[in-house]
Structures are given as C-alpha cells and as structure tokens.
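Descriptive structure summary
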Amino acid sequence: MTPPNPAPQESGAGPEQPAPGAGPEQPAPGFTFADKRKISPDGSPVPPADGTASPQPADPAAPEQADPAGSTEEAPARPDPNELLAAERLADLQRLQAEYANYRKRVDRDRAMIRDLAVAAVIESLLPVLDDIHLARQHGDLEAGPLASIADKLETTLAKYGVERYGEPGAAFDPAVHDALMHVDEELAEGTEVTTVVGVLQPGYRIGDRVVRPARVSVADPT
C-alpha cells in the first residue's frame, strides 16, 4: 500500500521549505530604519517639503531665556533711611516754626492788651483831674497862664497813648458809649429820626475801641 501524496502547498501560503541539500537555514531579515532626511552641502539638515521645521538641538552655550508668562513685576525699591530721617527732621522743624509764630502772635496780643489795661487804669485815676480841666476850659479859666500850659501838655501826653475825649451835643444816642442821665423835651433839628444827645454833663473817655467811661448826657426824642 502506497502512502498518499502530500497536498501541494499554495503559493504565498507560508515560507518556502528549503530544498534538501540546500545548506543550513538562513535567518529571516529583521526590521530596518531608513533616514530619509536630506543633508545640505554645508552639513545642515534641509527642512522637509511640507514646510514644517525640523527640531533644532539646544545649544548648551546659549543663554537661557526667561519665560515671559512666568515673569513677575519688579519689587519696589526700599526707601533710603537717610531720606526718611531728613523728612522727619524737616517736619519737626516746620512744626516748631509754626508753634513759635503762634507764640509770638499770642505774646504780642497779650502785650497790647496789658498795655491798654495799664493805660485805662491810669486814666481812671486821672478822671477827676481831667473833668476839672474840662470845666475850667468851658468857663474860660484856661485861656492863658501857666495852668493852661500844664493842661495842654497833659492832654497831649495822654493823646499819645490813644486817650480820646468824646461826647458832643447833636450826636445820635448810642447806649454802648453814652449814659443817659436825663430825658428832656426839646425840639430837635428838622429830619431827625433817632434819639439825640442834647447836652453833655460829663465827657466820656476811651482808648481805641475800649470805653474807659461812657459820656453822661441828656437826650431828647424826635417829635
């Protein structure tokens, strides 16, 4: 009985069996890699035809560039301690100058007030003498002679300190500077609409705006 013939192998169904006596079996070829990049004559790689740039190797000698996205704002410079000290001393000096100017103004104001009070006290003590001199002038006793010269010198000296005698008939009555001792019925000048001084019993004295003694007067009302 003859053995059956083996079925013929189809082409492409598998690797071809080596023929008997063809020698030892050769290994199948493995995976190979082909570098299809083009090199220019100067040795630099040529970019591909699709326009994409090939990655360039990093140059270790090139300086490292800062990332703009991760950069932070520069911190403000700290102030100079010497400038801070100078500004503080300047503020202290200006404050002292302002305090000294206010002190000078206050001292000058107090000095003027004390001067006015002292002069007013002297005038109050001389009021009887001044009243006698005024009455003597009204009666004509000081028209000439040594007493008239003394009275003139006294009044001139007091005028240097701002002493003023006031109170004249016909002036409008002012309760701030007049003291009405009498109220009389007397015909006033035509057109008068306010209470008017018609007689001065004792003149008043003042130093600037300060009244030493109000004028003592008699007044009349308009009809």
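Keep in mind the model is a prediction, meaning the values are calculated, not measured. (Residues numbered from 1 in each chain as written. Predicted model: local features only at pLDDT ≥ 70, side-chain atom pairs only at ≥ 80, totals over all residues. Heavy atoms only, no water.)

Overview of the packing of aromatic side chains
The tally for this structure, following the rule as stated, stands at one aromatic pair. Taking the centre distance of 6.4 Å and the plane angle of 35 degrees together, the rings of Tyr-100 and Tyr-103 count as tilted. Taken together, the positions of Tyr-100 and Tyr-103, both in helix α1 (residues 81-138) and three residues apart, correspond to about one turn of that helix. Looking at Arg-206, its charged tip hangs above the ring of Tyr-166, at a distance of 4.4 Å from the centre. (Phe/Tyr/Trp six-rings, centres within 6.5 Å; stacked < 30°, edge-to-face > 60°. Helix = DSSP H or I, 4+ residues; strand = E, 2+ residues; numbered from the N terminus. Lys NZ or Arg CZ within 6 Å of the ring centre and 35° of its normal.)

A look at the sheet that holds strand β5 (residues 210-213)
Strand order in the open sheet formed by three strands is β1-β4-β5, with antiparallel pairing between adjacent strands. Each edge of the sheet is formed by a strand with only one pairing partner; in this case those strands are β1 (163-166) and β5. Strand after strand, the sheet turns through a mean of 35 degrees between neighbouring axes, direction not considered. Note: β1 against strand β4 (residues 204-207), four bridges, orientation antiparallel. Counted as the bridge partner of Glu-164 is Arg-206 from β4. Each of β1, β4 and β5 touches α1; the most contacted strand, β4, lies at about 155 degrees to it. (Pairing = 2+ DSSP bridges. Axes fitted to C-alpha atoms, helices over the stretch in contact; angles between N-to-C directions. Contact = heavy atoms within 4.5 Å.)

Focus on the environment of Ala-171
Summarising the element assignment, Ala-171 is placed in the loop between β1 and β2 (178-183). Sequence-wise, Ala-171 and Val-197 are 26 residues apart; in three dimensions their C-alpha atoms are separated by 5.5 Å. Apart from the residues lying within four places of it in its own chain, the contact partners of Ala-171 are Thr-196 and Val-197.

Thoughts on the pairing of strand β6 (residues 215-220)
The element β6 is largely enclosed, with a buried count of five among its six residues. Note that β2 and β6 share five bridges and pair parallel. Its bridge partner being in β6, Met-182 is matched across the sheet by Ser-218. Bridge count for strand β3 (residues 196-202) against β6 is five bridges, and the pairing is antiparallel. The partner of Thr-196 across the bridge, within β6, is Ala-220. (Buried < 20%, exposed > 50% of the residue type's maximum accessible area, 1.4 Å probe, protein only.)

A look at the pattern of salt bridges
Across all of its chains, the model carries nine salt bridges by this definition. The salt bridge involving Arg-95 is made with Asp-92; its shortest N-O contact spans 2.9 Å. With a gap of three residues between them, Arg-95 and Asp-92 both fall in helix α1, about one helical turn apart. According to the relative accessible area criterion, Asp-92 is partly exposed, its value standing at 24%. Residue Glu-155 pairs with Arg-137 through a salt bridge whose shortest N-O separation is 3.3 Å. Taken together, the positions of Glu-155 in helix α2 (residues 146-160) and Arg-137 in helix α1 put the pair 18 residues apart, joining distant regions of the chain. Owing to a relative accessible area of 22%, Glu-155 belongs among the partly exposed residues under this scheme. One salt-bridge network, held together by shared partners, links Arg-137, Asp-152, Glu-155 and Arg-165. (Salt bridge = Lys/Arg side-chain N within 4 Å of Asp/Glu carboxyl O.)

Looking at the nonpolar core
Side chains of nonpolar character tend, in soluble globular proteins, to be buried together. In this structure, Val-119, Ala-120, Ile-123, Leu-127, Leu-130, Leu-158, Val-163, Tyr-205, Ile-207 and Val-212 together form the largest nonpolar core, which totals 10 residues. At the level of secondary structure, the elements contributing two or more residues to this core comprise α1 and β4. It is α1 that contributes the most residues to this core, five residues altogether. Not counting chain neighbours up to four residues away, the residues in contact with Val-119 comprise Tyr-161, Val-163 and Ile-207. (Core = buried A, V, L, I, M, F, W, Y, C linked by side-chain atoms within 4.5 Å.)

Here's the deal with the sheet that holds β2
With respect to topology, three strands assemble into an open sheet ordered β2-β6-β3, the strand pairing being mixed. Bordering the open sheet on either side are β2 and β3, each of which pairs with just one other strand. The mean inter-strand angle of the sheet, taken between neighbouring strand axes irrespective of direction, is 40 degrees.

Some thoughts on the side chain of Asp-131
Mapped onto the secondary structure, Asp-131 falls in helix α1. Accessibility expressed as a relative area gives 11% for Asp-131, which makes it buried. Setting aside anything within four residues of it in sequence, one finds Asp-131 in contact with Gln-202, Pro-203, Tyr-205 and Arg-213.

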